[in-house]
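Listed below are the residues making up each chain.
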Amino acid sequence: MFTGIIQGLGEITALNRLGQDSRLAIRPLFVMPDIVPGESIAVNGVCLSVEKSSDGQFCAYASGETLSRSNLEFLRQGARVNLERALALGDRLGGHLVSGHVDCLATVAEIAPAGQSLRIAVNFPGQYSSEVIPKGSVALDGISLTVNEAGDGFLSVNAIPDTRARTNLGQWRKGSLLNMETDMIGKYVRRMLAPLTGRDKKAGQDKKAALDMDFLARNGFL
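As a starting point, this report considers the structure included with it. Everything quoted here is computed from the prediction, not taken from an experiment. (Residues numbered from 1 in each chain as written. Predicted model: local features only at pLDDT ≥ 70, side-chain atom pairs only at ≥ 80, totals over all residues. Heavy atoms only, no water.)

Structural notes on the sheet that holds strand β7 (residues 104-114)
The strands making up a sheet associate through hydrogen bonds between their backbones, and the pairing can be parallel or antiparallel. Here six strands make up a closed barrel; going around it, the order is β7-β8-β11-β10-β9-β12 and the pairing antiparallel. Averaged over all neighbouring strand pairs, the angle between strand axes comes to 45°, with direction disregarded. The pairing of β7 with strand β8 (residues 117-123) spans seven bridges and is classified as antiparallel. Within the sheet, the bridge partner assigned to A112 lies in β8 and is R119. (Pairing = 2+ DSSP bridges. Helix = DSSP H or I, 4+ residues; strand = E, 2+ residues; numbered from the N terminus. Axes fitted to C-alpha atoms, helices over the stretch in contact; angles between N-to-C directions.)

See the structure below:
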């Protein structure tokens with residue numbers, strides 16, 4: 001579990017492609033002491049497990065599934081990535097709950113100045129729209145950001161100067177592909193409401209929407 005508060009940048013020092021999979025060697029560009037095998041570190045918002053650590057860097061494995069859902073597929077040696085260690089019980093939750101399991105890739109549509117901040121608009125697959133709300137939270141490349149506007153396959157955020165200084169956000173350009181994770185609470189709400197919205201995805205069959213006056217009466221709401 002993570003918070004989306006990026007601790008610093010890392011540099012990809014080596015990439016070893018293994019068929020559809022990959023192993024990455026990453027050197028943190030800040031003090032990250034006592035990295036141990038088996039611990040989880042979010043790399044651009046993707047939860048990876050440390051295989052080994054030595055000489056100020058660590059190695060992690062990314063499966064074909066991980067690469068297919070994230071921008072780790074497009075990393076090259078020398079690239080800068082956002083790093084965050086897993087949340088410890090008792091730590092401050094400065095951002096929001098982030099699992100490190102990327103939902104989709106979002107595309108930067110626009111970057112524009114907004115005072116000392118940047119307004120960043122991104123497009124993403126429309127099926128995730130119901131999990132994004134104005135003033136809710138979203139993780140982009142692992143960065144916890146507050147949603148300003150949201151629509152069908154669209155959202156915008158503001159990036160303050162400190163966020164730009166601590167992350168790879170300064171490298172984003174129109175057309176950049178970002179790892180996007182929607183709000184965890186929104187996912188559970190959507191799942192719980194699925195049987196009531198007229199489409200039972202698990203069964204693969206359409207159902208008549210059950211959220212009506214009869215349903216409310218049967219369940220004690222009337």
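Quick look at the nonpolar core
Counting 22 residues, the largest nonpolar core has I120, V122, F124, V138, L140, L155 and M180 as its most contacted members. Breaking this core down by element, the ones donating at least two residues are β7, β8, β9 (137-140), β10 (143-151), β11 (154-159) and β12 (177-181). Apart from the residues within four sequence positions on either side, I120 is in contact with V108, E110, I111, L155, S156, V157, A159, L169 and W172. In this structure, I12, M32, V50 and A60 belong to the second largest nonpolar core, which totals 19 residues. (Core = buried A, V, L, I, M, F, W, Y, C linked by side-chain atoms within 4.5 Å. Buried < 20%, exposed > 50% of the residue type's maximum accessible area, 1.4 Å probe, protein only. Contact = heavy atoms within 4.5 Å.)

Focus: the environment of S22
By the secondary structure assignment, S22 is in strand β2 (residues 21-28). Relative accessible area serves as the criterion here: at 3%, S22 is assigned to the buried category. Residues S22 and C47, 25 residues apart in the sequence, show an inter-C-alpha distance of 14 Å. The contacts of S22, once residues within four sequence positions are left out, are L15, N16, R17, A60, Y61, A62 and L67.

Details of the sheet that holds strand β4 (residues 46-54)
Ordered by their spatial adjacency, six strands build a closed barrel running β1-β2-β5-β4-β3-β6, and the pairing between neighbours is antiparallel. Here the strands of the sheet are splayed against their neighbours by 45° on average, with no regard to which way each runs. One ladder, built from eight bridges, connects strand β1 (residues 8-18) with β2; its direction is antiparallel. Residue G10 lies in a different strand from β2, and its bridge partner there is P28.

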